[in-house]
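Observations on chain architecture
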Amino acid sequence: MPISAARVLARSSFALLVAAPLAAQTPSPAADSTPDPIAQMVSRLDLEHYKATIKGLTQFGDRRQGTERNRKAVDWIEQQLKSYGCTNTERITYEFNAPPPRPRTGNAPARRERPAYPAEGGSHVRGIRARTGVNNDSLAQPDARLRALNTEQSKDGERQEVYCTKVGTTHPDEMYIVGGHMDGIGWGEAANDDGSGTAIVMELARVFSSPDVKTDRSIRFILWNNEETGLNGARAYVAQRQALQGKESPAGSGKYPEPRWLGMVQHDMMMFDHGMPLADGTLPKEQRPEANTNIEFQSNSKMAEGSNKLAWAFSTANDKYATDYPAVVGQHMTNTDSAPFQDIIPSISLRENERGAQIGAGWDPNWHQPTDLFKTYSDKDFRLGLNAAQTTLGAIATLTGARLTK
Ligand SMILES: [Zn+2]
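What comes next concerns the included structure. (Residues numbered from 1 in each chain as written. Predicted model: local features only at pLDDT ≥ 70, side-chain atom pairs only at ≥ 80, totals over all residues. Heavy atoms only, no water.)

**Concerning the coordination of the zinc ion**
- Of the protein atoms, only His181 (NE2), Asp193 (OD), Asp268 (OD) and Asp268 (OD) coordinate the zinc ion, at distances of 2.0 to 2.8 Å.
- In this structure, the zinc ion is surrounded by 4 donor atoms whose angles at the metal cover 51 to 149 degrees, and the resulting shape is irregular.
- In the primary structure, the donors to the zinc ion are separated according to the pattern H-x11-D-x74-D. Placement of the pair is His181 in strand E3 (residues 171–181) and Asp268 in the loop between strand E6 (260–267) and strand E7 (293–296), with a sequence separation of 87 residues. In this pair, the class of His181 matches that of Asp268, namely buried. (Donors = N, O, S within 2.8 Å, 3.2 Å for Na, K, Ca; no water. Tetrahedral: all angles 85-135°; square planar, octahedral: opposite > 155°, others 65-115°. Helix = DSSP H or I, 4+ residues; strand = E, 2+ residues; numbered from the N terminus. Buried < 20%, exposed > 50% of the residue type's maximum accessible area, 1.4 Å probe, protein only.)

Have a look at this one:
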């Protein structure tokens, strides 16, 4: 509250100053004296709530799909959403059977030796690269309690993922989809990948579900499962629900089980932007002060034009509502749950770094590692995630016509 309120105040006094010569001739409208309701909504986010939600997710270890700890995490998320007032929770049920492992050929090039360009999503890797990969070694986790918690391996079969919906008052038949993935890997706590994005979605569900918040259009808050196996939870959602869009059911009820999709916004790894790896392959210990949130769309997709526009709407919201860190727009969105939507509707992802050129080049040393733990991160890291939450809240509130009622 204090920082954003101060900013709003600073803005209005600046506007008054600029308007002064004009005001001498015509009485100035009171527009600037009315507090921005969206800024008030953004001020309902705070670092401690955000951290507590991430901490809550880490009680289920890495939340690997197809395990009991993953199912318990889905149950916990659903309870939390309900406790926030997002009571109309539903689940997508689908089947996931792991594909047979690819045969190993002795001469496959190591990840770090692949050509730097073109890299994932059409990006171009430059500068120093560090090692990346998925830790599959239980003994790399020194904490015996966490090692035991993460021991159960995935079994093929039924999967579930949960969502809830803020129903719009004048256009209940249209919605934005706000997502993050609740599953993780690597024998840690998946605190950043993707507890940090999951917590943003949950925190936004909390703020938008406050009884005094109304929106014209609907918003769906969804926590994907099976992201780490190849976006299978998001793919299942598209397969099951794309054709249901905009249909009133039952007829005449004014209810739309699947409002028409207006845009998809994914949050995946939100907290760690310490810069490029150093020459010795390690990362700077502290969040860099010039850290930013990367808003990416995919220029090589059918909906590139609309996605580009959506990305800039988020950049504008960041300028207006994020307290500490800026955002930058890029065109190489890849490897996350917004990808199955990118040829259907405007789709973007928010991240700590560019997925292709930066995370793919080793800018996050905890990615899929036993060190992706709540305790690994400082408040400066958590704050980068909070700023992404402020950005998305501001953007989605603007796009859905959010207002506060007494
Ligand atoms: Zn992820």
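Past the structure itself, the notes keep going.
**Observations regarding the packing of helix H6 (residues 191–208) against helix H9 (residues 379–399)**
- Packing of H6 against H9 leaves a shortest axis separation of 10 Å and a crossing angle of 45 degrees. By the angle between their axes, H6 is oblique relative to H9. In this structure, H6 meets H9 at a crossing whose hand is right-handed. Along the contact surface, H6 presents Ile200, Leu204, Val207 and Phe208, while H9 presents Gly385, Ala388, Ala389, Thr392, Leu393, Ile396 and Ala397.
- Looking at side-chain class alone, the contact of H6 with H9 contains 9 nonpolar, 2 polar and no charged residues. (Axes fitted to C-alpha atoms, helices over the stretch in contact; angles between N-to-C directions. Parallel < 35°, antiparallel > 145°, perpendicular 65-115°, else oblique. Left-handed = near helix turned anticlockwise from the far one by under 90°. Contact = heavy atoms within 4.5 Å. Nonpolar A, V, L, I, M, F, W, Y, C, P; charged D, E, K, R; others polar.)

**Structural notes on the state of the cysteines**
- Here the structure, examined in full by the defined rule, presents 1 disulfide.
- Two residues, Cys86 and Cys164, share a disulfide whose sulfurs are 2.2 Å apart. Judged by the torsion about the S-S bond (100 degrees), the Cys86/Cys164 disulfide is right-handed. Here Cys86 is found in the loop between helix H4 (68–83) and strand E1 (90–96), whereas its partner Cys164 is found in strand E2 (residues 157–166), with 78 residues between them in sequence. For the pair shown, Cys86 and Cys164 are each scored as buried. (Disulfide = S-S within 2.5 Å.)

**Topic: the sheet that holds strand E5 (residues 217–224)**
- Strand order across the open sheet formed by 8 strands is E1-E2-E5-E3-E6-E9-E7-E8, with mixed pairing between neighbours. The strands lining the two open edges of the sheet, one partner per strand, are E1 and strand E8 (327–330). Here the average twist between neighbouring strands, direction ignored, is 25 degrees.
- The sheet contact formed by E7 and E8 spans 4 bridges and is parallel. Of the residues in E8, the one forming a bridge with Glu296 is Gly330.
- Along the sheet, helix H7 (residues 232–241) contacts E1, E2, E3, E5 and E6; its crossing angle with E1, the most-contacted strand, is approximately 110 degrees. (Pairing = 2+ DSSP bridges.)

**Examining the side chain of His274**
- Tracing the chain through its elements places His274 in the loop between E6 and E7.
- His274 gets classed as buried once you look at its relative accessible area, which sits at 4%.
- Engagement of the side chain of His274 in a polar contact is seen with the backbone nitrogen of Gln287, the distance being 3.4 Å.
- Reaching out from His274, the side chain makes a polar contact with the side chain of Asp381 at a distance of 2.7 Å.
- The residues touching His274, leaving out its near neighbours within four places in the chain, are Pro284, Lys285, Glu286, Gln287, Arg288 and Asp381. (Polar contact = N/O pair within 3.5 Å; in protein donor to acceptor, adjacent residues only side chain to side chain.)

**As for helix H3 (residues 47–58)**
- For H3, with 12 residues, the first-to-last C-alpha span of 17 Å sits near the 16 Å given by 1.5 Å per residue.
- Along H3, the residues classified as buried are Leu47, Tyr50, Lys51, Thr53, Ile54, Gly56, Leu57 and Thr58.
- Where H3 is buried, its residues contact H4, H6 and H9.
- Where H3 begins, one side-chain oxygen reaches toward the backbone nitrogen of Glu48, 3.0 Å away; that side chain belongs to Asp46. (Expected span 1.5 Å × (residues − 1).)

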